[in-house]
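# Descriptive analysis of the structure
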Amino acid sequence: MGAPLSTWPWENLGSFKYLLYGPLLAKAIYPFVYGDGMGDTWCLHILIIFGLRGLVHQLWCTYSNMLFLTRNRRILKQGVGFKQIDSEWNWDNFLILQALIAAIACYTFPVLRDLPLLNWKGFVLALALHMGVSEPLYYWFHKRLHTGYLFTHYHSLHHSSPVPQPFTAGHGTPLEHLILSGVTAVPILGASLMGVGSVSLIYSYIMIFDFLRCMGHSNVEVLPHGLFKTLPFLKHLLYTPTYHSLHHTEMNTNFCLFMPLFDKLGNTLNDRSWDLHKKTSSGENDRVPDFVFLAHIVDVFSSLHVPFVLRSLGSLPFAPRIAFFIMWPFAFCCMCIMWAVSKTFLCYFYMLRGRYHQTWVVPRYGFQYFLPFAKDGINNQIEQAILRADRLGVKIISLAALNKNESLNGGGTLFVKKHPDLRVRVVHGNTLTAAVILNEIPKDCKEVFLTGATSKLGRAISLYLCRKRVRVLMLTLSTERFQAIQREAPQEFQQYLVRVTKYQAARDCQTWIVGKWLSPREQKWAPQGTCFHQFVVPPIFPFRRDCTYGKLAAMRMPEDVEGLGACEYTLERGVVHACHAGGLVHSLEGWNHHEVGALDVDKIDIVWNAALKHGLRPV
């Protein structure tokens, strides 16, 4: 049995915990339905306040994860991993607790139910009570929570999050939040009991309180060093995210709530606080990634599947959810704006073997890649991303599926030819994609049917399989392209490449490799028990219940990856598309060549073995 007040009583209720707001909601609605309209609205105010508090935390989390805005001013460089996201999943438990406390307080102190809208004297008194009572009270309790028993059973949960986030501010035990509730209540209750309280004071104080708490846990420096240089006294009156982050890394320092003055008086001020703040706020603490994966958006729904929208849903494989439907109109408007004026932006990052890896996103949606008039604009976006990576000193940039489309830029060849002096290596990652698909095929397979047979991947797969004496039925209408591929194969293996022009030719073949989208009518020609291996984007729909459908080629990340907290589209946690993994292998191996254009069939096994050597595994 755990220590008292160390676990939440509604911990096992899941989403049903929000039903605890039910009585407050009923009380808020009752006057409008059966009463005198605005006669008794204190329950409504409680619900509005706690809705706004949740919004403040979410907006701060959104901002702190917008790496395209905050990358240069991040304090701790590691990413937020799945373990921390799961641990902080129920960060909003304290909102329920404090809403119930507020309801009890309103019943206990009737004066709280009949406050004027505004009283400026209350703001002055609340500020005095905060500085004179709440701040030292919190400082004293916080120091006590860092002692043996109290830290082990109560406060260690809050410090278990390696990277402070706005949601970390709410991640704690009931005892911690009861103490915090008391600290928050002092100015509000004091001003109200003295007759100078107001509704505006309650809203303002609680919103500012949460705003500053989230700011301190944001892991992004938002206050310029010049502000404290011009007004030195502010160092003692207002903490910074850098200041608070030091409390999470060096826990015996910087205990204050918002005012470092009390750390100064208590001799717990970290000497590095302001030097580190200067470096972080000026961008001197920035770190250049070794590897960048240049992804793209698939559709409007998937554009919401990023950490800075809803971090929790971004940590799960993509699937249409109610929240996405609600936010769809906003996402659609953003799509139109990005189509008109757009830049490459950062999505998320992680660490592997001490190397810093980032994912950038080209703000172009899947359907735009198939619009002829959008071709130049998309290539310009990709080119700008490559040149930006080159300027930063990135070593490898890997292109996602549609960003390396053959008809778009020749698998990246366009950029390498246009900029022959690039220091960054451009990689399409298709060599590992081919290796993953080839290693999915049973070893005893004697015949495969291949659509998209004359594409980059189709060509490489055909040439590789024919060397293994596997008969490849290559679906293509172009005799010239087929013959060109056939001539690349050694003379003794050319007989294993067979050109076909209709799907009926594969009615007896149970291994289909799909590189071109298949309609339900085309899939019906596959015999019962067929396995569809695919590298087509988007993947085909599984219409046949009597067949097996493989997912897009992907690999599981090594076990020592750190800070990875976002799922790559529909893939499960810790799994990335093969082209992403291919660029990663390129980086880990330190290869210094571009991987663009046609695949080198002789390197398929080399890349595959290198991937296995570095701990990547097939799914």
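Just so you know, these numbers come straight off a predicted model, no measurement behind them.

This next bit is on the overall build of the protein chain. Within the protein chain, the regular secondary structure consists of 25 helices and 14 strands. If you line up the protein chain on its principal axes, its C-alpha atoms span 95 × 60 × 55 Å. By the burial criterion, 55% of the 619 residues in the protein chain qualify as buried. Approximately 28,000 Å² of the protein chain is accessible, and the part contributed by carbon and sulfur atoms is 61%. Both charge centroids of the protein chain, one from 59 positive and one from 43 negative side chains, sit 3 Å from each other.

Turning our attention to the sheet that holds strand E11 (residues 548-552). Taken in spatial order, the 6 strands line up as E8-E7-E6-E9-E10-E11 in an open sheet, and their pairing is parallel. Where the open sheet ends on each side, the last strands, each with one partner, are strand E8 (497-500) and E11. Each strand of the sheet is rotated relative to its neighbour by a mean of 20°, with strand direction disregarded. Of the strand pairs in this sheet, strand E7 (residues 471-475) and E8 are connected by 4 bridges, and their pairing is parallel. Counted as the bridge partner of Val-472 is Leu-497 from E8.

Before going further, it helps to examine the side chain of Ser-462. Tracing the sequence through the fold places Ser-462 in helix H21 (residues 456-467). Since its relative accessible area comes to 0%, Ser-462 is described here as buried. Those residues in contact with Ser-462, other than ones at most four positions away along the chain, are Leu-450, Ala-453, Val-472, Met-474 and Leu-497.

Ranked by size, the top nonpolar core spans 78 residues in total, and within it Leu-432, Ile-461, Leu-465, Leu-497, Ile-513, Met-555 and Ile-604 carry the most contacts. In terms of residue count, H21 provides more of this core than any other element does, 7 residues in total. Discounting chain neighbours no more than four positions away, the residues touching Leu-432 are Met-555, Ala-578, Ala-581, Gly-582, Val-585, Val-607, Trp-608 and Ala-611.

Let us look at the environment of Cys-531. Inspection of the secondary structure puts Cys-531 in strand E10 (residues 531-534). Judged by relative accessible area, which is 22%, Cys-531 ranks as partly exposed. Taking the C-alpha atoms as reference, Cys-531 lies 52 Å from Met-215; in sequence the two are 316 residues apart. Beyond its immediate stretch of four places on either side in the chain, Cys-531 contacts Gln-510, Thr-511, Trp-512 and Thr-548.

Relative orientation of the contacting elements helix H8 (residues 174-193) and helix H9 (residues 199-216) amounts to 150°, with a least axis distance of 10 Å. Classed by the angle they form, the pair H8 and H9 counts as roughly antiparallel. The two elements H8 and H9 cross, and the hand of that crossing is right-handed. Residues Leu-180, Val-183, Thr-184, Pro-187, Ile-188 and Ala-191 of H8 lie in contact with H9, whose contacting residues are Leu-201, Ile-202, Tyr-205, Ile-206, Phe-209 and Arg-213. In terms of residue class, the contact of H8 with H9 is built from 10 nonpolar, 1 polar and 1 charged.

Quick look at the pattern of salt bridges now. Going through the model one piece at a time under the given rule, you end up with 16 salt bridges. Two residues, Lys-456 and Glu-406, come together in a salt bridge whose shortest N-O distance is 3.4 Å. Here Glu-406 lies in helix H18 (residues 406-409) and Lys-456 lies in helix H21, a separation of 50 residues in the sequence. Lys-456 gets classed as buried once you look at its relative accessible area, which sits at 12%. Assessed through its relative accessible area of 46%, Glu-406 is described here as partly exposed. Residue Arg-556 pairs with Glu-572 through a salt bridge whose shortest N-O separation is 3.3 Å. In this pair, Arg-556 is assigned in strand E12 (residues 554-556) and Glu-572 in the loop between E12 and strand E13 (575-577), connecting sequence segments 16 residues apart. The class for Arg-556 is partly exposed, based on a relative accessible area of 31%.

So, on to the pairing of strand E1 (residues 291-296). Burial of E1 is extensive: 6 of the 6 residues sit out of reach of the surface. Where burial is concerned, the two faces of E1 agree: the one with Phe-291, Phe-293 and Ala-295 and the one with Val-292, Leu-294 and His-296 are both buried. As paired strands, E1 and strand E3 (residues 355-362) are joined by 6 bridges and run parallel to one another. Residue pairing in the sheet places Phe-293 in a bridge with Thr-359 of E3. In terms of strand pairing, E1 meets strand E4 (residues 396-399) through 4 bridges, oriented parallel. Bridge assignment links Leu-294 to a residue of E4, and that residue is Leu-399.

Analysis parameters
Residues numbered from 1 in each chain as written. Predicted model: local features only at pLDDT ≥ 70, side-chain atom pairs only at ≥ 80, totals over all residues. Heavy atoms only, no water. Helix = DSSP H or I, 4+ residues; strand = E, 2+ residues; numbered from the N terminus. Buried < 20%, exposed > 50% of the residue type's maximum accessible area, 1.4 Å probe, protein only. Areas by Shrake-Rupley, 256 points an atom, 1.4 Å probe, with all protein chains shown as cover. Lys, Arg positive; Asp, Glu negative; His and termini not counted. Charge placed at Lys NZ, Arg CZ, Asp CG, Glu CD. Pairing = 2+ DSSP bridges. Axes fitted to C-alpha atoms, helices over the stretch in contact; angles between N-to-C directions. Contact = heavy atoms within 4.5 Å. Core = buried A, V, L, I, M, F, W, Y, C linked by side-chain atoms within 4.5 Å. Parallel < 35°, antiparallel > 145°, perpendicular 65-115°, else oblique. Left-handed = near helix turned anticlockwise from the far one by under 90°. Nonpolar A, V, L, I, M, F, W, Y, C, P; charged D, E, K, R; others polar. Salt bridge = Lys/Arg side-chain N within 4 Å of Asp/Glu carboxyl O.

On their own, these measurements won't tell you what the molecule is for.
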